[in-house]
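Spelled out, the chains give:
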Amino acid sequence: MSETKVKNYEPSARDWPGDFDYENGQYQNKCVSCDSLFIGHKGRRTCKKCFDTANEIEALTARVRALQNTRDKDVLLSMTTSERDTIIRSLHQAYVSETGYDIKWDASRVFAWELFSLRFTKEDLILVIRWIKKQKRLGNPARELMFRSLISGWNALSSFEEDLQRAKADARIPRYAPGKADVLRATTRPDAPTPSTERKAGDVLKASDALAKFREWREQSGI
Ligand SMILES: [Zn+2]
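As a convention, each chain's residues are numbered from 1 in the sequence order in which they are written. Per-residue local features are limited, in this predicted model, to residues with pLDDT of at least 70; the limit for side-chain atom pairs, both in listing and counting, is 80 or more; totals at the level of whole chains, interfaces and linings are taken over all residues.

Student: I keep staring at the nonpolar core and nothing clicks. Help me out?
Tutor: Nonpolar side chains tend to gather and get buried jointly when the protein is soluble and globular. For our purposes the nonpolar core covers buried Ala, Val, Leu, Ile, Met, Phe, Trp, Tyr and Cys residues that link as a set through C-beta atoms within 7 Å. Exposed residues have 12 or fewer other C-beta atoms within 10 Å of their own C-beta, buried residues have 20 or more, and residues in between are partly exposed; the C-beta atoms are placed from the backbone. Counting 16 residues, the largest nonpolar core has Leu91, Trp113, Phe116, Val128 and Ile151 as its most contacted members. Elements represented by at least two residues in this core include exactly α3 (81–99), α4 (107–119), α5 (122–137), α6 (147–152) and α7 (156–172). Only DSSP runs of H or I reaching four residues or more are called helices, and only runs of E reaching two or more are called strands; each is numbered from the N terminus. No other element matches the 4 residues that α3 contributes to this core. In contact with Trp113, not counting residues within four places along its chain, are Ile88, Leu91 and His92. Throughout, a pair of residues is in contact if the C-beta atoms placed from their backbones lie within 7 Å.

Structure below.
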């Protein structure tokens, strides 16, 4: 990083004019993100433009994460096109990676994902696909994972809703080793923990953890 005290200053959107009054506040630095020269405090690593963009990305990422888990109609209607696009693309990616069916992202699928995203989340999608795969492994009857039967076909979303209810019910059944239930009974505790809001709390933790990781990554890569 080259740093030289600036003699003849010409304003630029990449600069940090708020730094100028401080000691060492008017240096020419090279932005670690875009390689452009900018004027600001000697210790700065990024230009103002890259800094603002990173903040916008973080805000968008946080909002998309929150939107992915909401079924609130007003919130869904307030989504911007790019937020909705981000969400349905991530649904498609999750479908491809969970099923292994490398199908294209095309207009007819976009519309199907739009309808899907109004009723279900990416977590729902992953839960149901894994549940169906498990049923098949166990030899139980289950729906096909093909896009036309799982997502876009006639009645597909109603069937998805039913599968989701069953998958959620199965996920709530605790898996204890046979001896553990006896121990719990002997100590007069219930066999299974009561289903509560613990899942929701877990989701919140996951989301804030992801945001912390994002911040850490951003700091490491200097943007
Ligand atoms: Zn920059």
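Student: It is not clear to me how the pairing of strand β3 (residues 37–40) should be interpreted in this structure. Could you clarify?
Tutor: It is a general feature of regular strands that their side chains alternate between the two faces of the sheet. A strand pair is defined by DSSP finding two or more bridges across the two strands. Pairing of strand β2 (residues 27–30) with β3, which is carried by 4 bridges, proceeds in the antiparallel orientation. Counted as the bridge partner of Gln28 is Ile39 from β3. What sits between β2 and β3 in their antiparallel hairpin is a turn of 6 residues, with Asp35 showing a positive phi close to 70°.

Student: I tried to follow the environment of Cys47 on my own but got confused; where do I start?
Tutor: You can see Cys47 is positioned in the loop between β3 and α1 (48–68). Here the alpha-carbon distance between Cys47 and Val32, two residues 15 residues apart in the chain, equals 8.3 Å. Here Cys47 is in contact with Arg14, Cys31, Cys34, Ser36 and Phe38, once residues within four sequence places are set aside.

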